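Overview (structure and organization)
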Amino acid sequence: MNYLTNPFRSITITLSHILETLGMTLTILINMVGQYRLIPKRSKAILHQIEICALGGFPVAIIVGVFSGMVLALQAGLAMAEFGQETLVGSIVAASMCREMGPVMTSYILAGLIGSTMAAELGTMKVSEEIDALEVMSINPIGFLVLPRVLALALVCPLLTIYTNLIGILGGGIVSRVILKVNFSLYFRFAQETLTLKDIYSGLFKSLIFGFIIALVSCGQGLNAENGAAGVGKATMKAVVISFIAILIFDYFLTWMFY
Amino acid sequence: MIEFIDVYKSFNDHEVLKGLTFKVNQGESFAIIGRSGCGKSVTLKLMTGLLKPDKGKVIIDGIDITKATPGKLAQVRKKFGFLFQSGALLNSLNVGDNIALPLREHRELPEPKIMGRVSETLKRLGLKHLEHIMPGELSGGMKKRVSLARAIIREPEIILYDEPTTGLDPIMCNVINKLIVEMRQKLKITSIVVTHDMNTVFMAADRVVLLYQGKIISAGTAAEFKKMGDAYVKQFVLGEAAGPFQDEDELKLKEKSGE
């Protein structure tokens, strides 16, 4: 009720929460960068996390990839068919998937699947005193838990994006063939001709940044969970919401940087 | 030697410690008793630098850890072994890896020697051949003993026990109490036990302090506590419902409502 009757107070509280989250995430980032020497020592943990992230994201990426491509092909194709240009649908699908849809949709999947898992796992460790136990043993929890997760997701995100892009383009091809009656060879020829190297590497670079952000934000929220199970739930929800918002904001600035 | 000098600690508006002062000598077995929520566990967390006091000094072997750099704090923490109330074993690691963790992380011994030390420590605590079991498969008493094994694996100078017998059956309580005595006698380490179990106090402690409303209200040897005429001590030792102790939860509620 207070938030509705006093909008100024609500804005102030929201701003202070944003600044608090930003400060906390940056602190973890700085601490993590300081732990870079541990990367070889953590290689086993990094590989284990890569396995978790890739296996977790892979099946959902198939569904999201194929339907993203199909929706793109359908929307663009039907509009273009009005001008008799539906043969060009391959160009639209390929460019959209590689530049935007692939990296963003893959990152959303990973934020929902892996980011939430990371926040819940670390949050549970925090409320059950496992993080305290690490600190008492003079083991830095950021080097031990956060570093492998962030590196793993930053590596897996671009790999899954390549996969989502390919599946999406294929899905678009199926819709072009079945609904728009554009044959495969024509669809793929336009897709191939339109795509530039920049489209591919800019999308993959975006994915790398998104993966890094998702893991960093999620681990940060987990490490700051408090008040038992309810606190872990709240941290998990915040990890996903903040990751989604951060992906959108960074997407804009990265697109602006590349194009 | 461990020294608390006029330590204050509050959480939000609730003042937990109000000028706590005490000293623990090397090799001594020191018990902190008091009702739930009186700040016993907070005292242990302040001792290991997991929490920072609002005011006052916490001195460990001449170093004021409230002003120590992270590097110095890590050095001081190496003196400690900590048995957490919940055990705080890392659920993703098996028993052997949990116990070996501090040795592996600090690369203090080659791997074959680490595994030898793990088996030896498990044997000492009556837990032979448990190395490959996951913490989730252990009973409460076993978890505590594995946690104790992890706490002593690096042969610490000081060992902290946070409610070591809470949630255990009377037989297991006795096993844990005997282990505390044995650890002290065999390893000649300083022990600090936080508990409300008077059996633990009488079996394992040289000196006892009773904490109430953020301060020490009674201090003496375990034998003195048994015979003490002080109304607070009497009520606590005998576990009587009626007496001078006020309900801590009720006090907190009154404090919140400004009464």
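How each quantity is defined
Residues numbered from 1 in each chain as written. Chains lettered and ligands numbered in written order. Predicted model: local features only at pLDDT ≥ 70, side-chain atom pairs only at ≥ 80, totals over all residues. Heavy atoms only, no water. Phe/Tyr/Trp six-rings, centres within 6.5 Å; stacked < 30°, edge-to-face > 60°. Helix = DSSP H or I, 4+ residues; strand = E, 2+ residues; numbered from the N terminus. Buried < 20%, exposed > 50% of the residue type's maximum accessible area, 1.4 Å probe, protein only. Lys NZ or Arg CZ within 6 Å of the ring centre and 35° of its normal. Contact = heavy atoms within 4.5 Å. Buried area = accessible area lost by both parts, 1.4 Å probe. Salt bridge = Lys/Arg side-chain N within 4 Å of Asp/Glu carboxyl O. 1 Å grid on protein atoms, 1.4 Å probe; cavity = no way out; pocket = protein on both sides within 12 Å on 5 of 7 lines; lining within 4 Å. Points joined across faces, edges and corners; volume = space filled by probe spheres on them. Nonpolar A, V, L, I, M, F, W, Y, C, P; charged D, E, K, R; others polar. Pairing = 2+ DSSP bridges. Patch = residues over 30% accessible without salt bridge, like charges linked within 9 Å, V, L, I, M, F, W, Y side chains within 5 Å. Areas by Shrake-Rupley, 256 points an atom, 1.4 Å probe, with all protein chains shown as cover. Arc of directions from axis to C-beta. Polar contact = N/O pair within 3.5 Å; in protein donor to acceptor, adjacent residues only side chain to side chain. Domains from an automatic or database assignment.

With respect to the packing of aromatic side chains
This structure, assessed with the given rule, holds 11 aromatic pairs over all chains. An angle of 75 degrees between the planes, with centres 5.7 Å apart, marks the rings of Phe205 of chain A and Phe258 of chain A as edge-to-face. Residue Phe205 of chain A is found in helix H8 (residues 197–223), and its partner Phe258 of chain A is found in helix H9 (residues 228–258); the two are separated by 53 residues along the sequence. The exposure class of Phe205 of chain A is partly exposed, given its relative accessible area of 33%. You can call Phe258 of chain A buried: its relative accessible area is 15%. Put simply, the rings of Phe184, Tyr187 and Phe188 of chain A pair up and form one aromatic cluster. Residue placement shows Lys55 of chain B over the ring face of Tyr8 of chain B; its charged tip is 4.7 Å from the ring centre.

A look at the interface of chain A and chain B
Across the contact, 15 residues belong to chain A and 24 residues belong to chain B. With both chains or domains summed, chain A and chain B bury close to 1,600 Å², and 58% of this area falls on carbon and sulfur atoms. The largest per-residue losses of area from chain A upon contact with chain B belong to Glu129, Val136 and Met137 of chain A, which jointly make up 36% of the total buried on that side. For the interface between chain A and chain B, the tally reads 5 salt bridges. The shortest N-O distance in the salt bridge between Lys45 of chain B and Asp132 of chain A comes to 3.3 Å.

What to know about the side chain of Thr161 of chain A
Looking at the secondary structure, you find Thr161 of chain A in helix H6 (residues 141–178). The contacts of Thr161 of chain A, once residues within four sequence positions are left out, are Gly102, Pro103, Thr106, Leu204 and Ser207 of chain A.

Section: the layout of surface pockets
All names here are of chain A. Taken as a whole, the second largest pocket encloses approximately 1,100 Å³ of empty space. In terms of lining, the second largest pocket is formed by 31 residues, of which the most central are Thr21, Met24, Gln221, Lys238 and Ile242. For the lining of the second largest pocket, the elements supplying multiple residues, two or more each, are helix H2 (7–33), H8 and H9. Among the elements that take part in the lining of the second largest pocket, H9 stands out by supplying 12 residues, more than any other. By residue class, the composition of the lining of the second largest pocket is 19 nonpolar, 8 polar and 4 charged.

Remarks on empty space enclosed by the protein
Overall, the coordinates contain 1 cavity of 30 Å³ or more when judged by the stated rule. When its volume is computed, the largest cavity comes out at roughly 150 Å³. Looking at the lining of the largest cavity, the elements that each hand over two or more residues are helix H5 (130–136) of chain A together with strand E6 (80–83) and helix H5 (140–152) of chain B. The element that contributes the greatest number of residues to the lining of the largest cavity is E6 of chain B, accounting for 3 residues. Its residues assigned to classes, the lining of the largest cavity shows 10 nonpolar, 1 polar and 4 charged.

Some points on the pairing of strand E7 (residues 158–162) of chain B
If a strand is regular, its side chains alternate between the two faces of the sheet. Residue and element names in this part refer to chain B. Burial analysis of E7 places 5 of its 5 residues in the buried class, which makes it a mostly covered element. The alternating pattern of E7 places Ile158, Leu160 and Asp162 and Ile159 and Tyr161 on opposite faces, both of which are buried. Of the pairings in the sheet, the one linking E6 to E7 comprises 4 bridges and is parallel in character. Looking at E7, one finds that Gly81 is bridged to Ile159. Pairing between E7 and strand E8 (residues 190–195): 5 bridges, direction parallel. Looking at E8, one finds that Leu160 is bridged to Ile192.

With respect to a nonpolar patch on the surface
Residues and elements named next belong to chain A. The grouping of Phe205, Met237, Val241, Ile245, Leu248, Ile249, Phe250, Tyr252, Phe253, Trp256 and Met257 at the surface amounts to a nonpolar patch, some 1,200 Å² of accessible area in total. Ranked by the residues each element gives to the nonpolar patch, the list is headed by H9, at 10 residues. Note on placement: Phe250 falls in helix H9. Accessibility expressed as a relative area gives 39% for Phe250, which makes it partly exposed.

Observations concerning the pairing of strand E2 (residues 14–24) of chain B
Residue and element names in this part refer to chain B. Here strand E1 (residues 2–11) pairs with E2 via 8 bridges, running antiparallel. Following the sheet pairing, Glu3 is matched in E2 by Lys23. Counting the residues that bridge the hairpin from E1 to E2 gives 2 residues, and of these Asn12 lies at a positive phi of roughly 55 degrees.

So, helix H9 (residues 231–238) of chain B
Residue and element names in this part refer to chain B. Burial in H9 covers these residues: Val233, Gln235 and Phe236. Take H9 and look down its axis: the buried residues cluster within an arc of 165 degrees, on one side only. Of the surrounding elements, those touching the buried residues of H9 are strand E3 (29–34), helix H7 (198–204), strand E9 (207–212), strand E10 (215–221) and helix H8 (222–227). Between the side-chain oxygen at the start of H9 and the backbone nitrogen of Tyr232 there is a gap of 3.0 Å, and the oxygen is on Asp230. Positive backbone phi, approximately 65 degrees, marks Gly239, located one or two places after H9.

Things to note about the domain arrangement of chain B
Residues and elements named next belong to chain B. Segmenting chain B into domains produces domain 1 (2–79 + 157–257) and domain 2 (86–155). The gap between the C-alpha centroids of domain 1 and domain 2 is 25 Å. Of the roughly 1,100 Å² buried where domain 1 meets domain 2, counting both sides, 73% is carbon and sulfur surface. On the surface where domain 1 and domain 2 come into contact, there are 0 salt bridges. With 7 residues, the single largest contributor to the side of domain 1 that touches domain 2 is helix H6 (residues 170–187). Looking at side-chain class alone, the side of domain 1 that touches domain 2 contains 10 nonpolar, 2 polar and 4 charged residues.

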